[in-house]
Every structure is written in C-alpha cells, then in structure tokens.
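# Results of the structural survey
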Amino acid sequence: GYFYIQNCISCYTDLLPGKFYLMSDYAQLFYRMLILPYYNNVKNPIGIEEIKKRLVLKTKDTYMVRKIIKRILDELESNTFIKDPIENKSKGKYQYSYIKTPWKEIDK
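Residues numbered from 1 in each chain as written. Predicted model: local features only at pLDDT ≥ 70, side-chain atom pairs only at ≥ 80, totals over all residues. Heavy atoms only, no water.

## Focus on the overall build of the protein
Within the protein, the secondary structure is distributed over 4 helices and 3 strands. Listing every helix and strand of the protein by position from the N terminus yields α-α-β-α-α-β-β. Relative to its 108 residues, the protein shows a buried fraction of 38%. Sequence separation of 24 or more characterises 55% of the internal contacts of the protein that already satisfy a separation of 6 or more. (Helix = DSSP H or I, 4+ residues; strand = E, 2+ residues; numbered from the N terminus. Buried < 20%, exposed > 50% of the residue type's maximum accessible area, 1.4 Å probe, protein only. Contact = heavy atoms within 4.5 Å.)

Right under this line is the structure:
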C-alpha cells in the first residue's frame, strides 16, 4: 500500500527482486526512503541526523545509531543493492556514503 504509492510518486515502477523482502525491515526502509527516491546521488553522503529522523530511531546514543546504520549498509551491500559503504566524520558529524548499484547489476 504505502510503499507502492511511494514508488509510483517517485516514478519508480520496476519490481524489486525477491531477495529484497528477505532483508531486515530497517534495510528495506533505508533503501526505499533514502536511496531509491534520490537520483544522481542527491542525498549522498547523508548525515546521521537525517537517517535517525527518516528511520525514526529514538536513541540518543550515537554509538548505537552508528552500529545500526553500519549493519543496515552492510546488509544492503551483501545483497548487492549498494557498493562501498563508507562512514565519514566531518566537522564532528557522521555522514554515510555509498555507490548505488545500477539496476541491471543487482543479482535478481
């Protein structure tokens, strides 16, 4: 329902491969909300605060949030949806970058 509408609004109409639904809920949300809608790396790198806000992560412990984000990015990388996830600290704030895998290269 909701995600189908989001896909249509963002003009994303390709079917997701079956392995997408085997990933954790947070990995699916991260991909749907923070990777799919942004073309040409508009939101890459993305700050930790925006990730917390978009995924509704309530904890104030930065260490735990970093651990969760790293786990999500590792899961997306192991399923070939992204490549080379990197955590950077710039001006005291954490940012995360990655290379979005072209649709044709995702193992279906």
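## Brief notes about the environment of Ile86
One can find Ile86 in strand β2 (residues 82-90). Distance in space between the C-alpha atoms of Ile86 and Lys70 is 8.8 Å, their sequence separation being 16 residues. Apart from the residues within four sequence positions on either side, Ile86 is in contact with Gln95, Tyr96 and Ser97.

## Thoughts on the sheet that holds strand β3 (residues 93-100)
The sheet built from 3 strands is open, its strands ordered β1-β3-β2 with antiparallel pairing. Unpaired on one side and paired on the other, β1 (46-47) and β2 mark the two borders of the sheet. Where β1 and β3 come together, 2 bridges link them in antiparallel fashion. Paired with Ile46 across the bridge in β3 is Tyr96. Of the strands in this sheet, β1, β2 and β3 are in contact with helix α2 (residues 25-35), which crosses β3 at around 90°. Docked against the sheet, helix α4 (residues 62-78) engages β2 and β3, running at close to 160° with respect to β2. (Pairing = 2+ DSSP bridges. Axes fitted to C-alpha atoms, helices over the stretch in contact; angles between N-to-C directions.)

## Quick look at the environment of Tyr94
Mapped onto the elements of the fold, Tyr94 is located in strand β3. It is 9.3 Å that separates the C-alpha atoms of Tyr94 and Thr62, two residues lying 32 residues apart in sequence. Apart from residues no more than four positions distant in its own chain, Tyr94 is found in contact with Ile46, Gly47, Ile48, Thr62, Arg66, Glu87, Asn88 and Lys89. Of note is the side chain of Tyr94, whose polar atom sits 3.3 Å from the side chain of Arg66. (Polar contact = N/O pair within 3.5 Å; in protein donor to acceptor, adjacent residues only side chain to side chain.)

## What about the pairing of β3?
Pairing of β2 with β3, which is carried by 7 bridges, proceeds in the antiparallel orientation. Its bridge partner lying in β3, Glu87 is registered against Tyr96.

## Considering the packing of aromatic side chains
Counted according to the given criterion, the structure contains 4 aromatic pairs. Grouped by ring-pair contacts, the aromatic residues Phe20, Tyr21, Tyr31 and Phe81 constitute a single cluster. (Phe/Tyr/Trp six-rings, centres within 6.5 Å; stacked < 30°, edge-to-face > 60°.)

## Considerations on unusual backbone geometry
Even without being glycine, Val56 reaches a positive phi, approximately 55°. By the element assignment, Val56 lies in the loop between α3 (48-55) and α4. Of note in the backbone geometry, Lys91 takes a positive phi value of approximately 55° without being a glycine. Of note, Lys91 is situated in the loop between β2 and β3.

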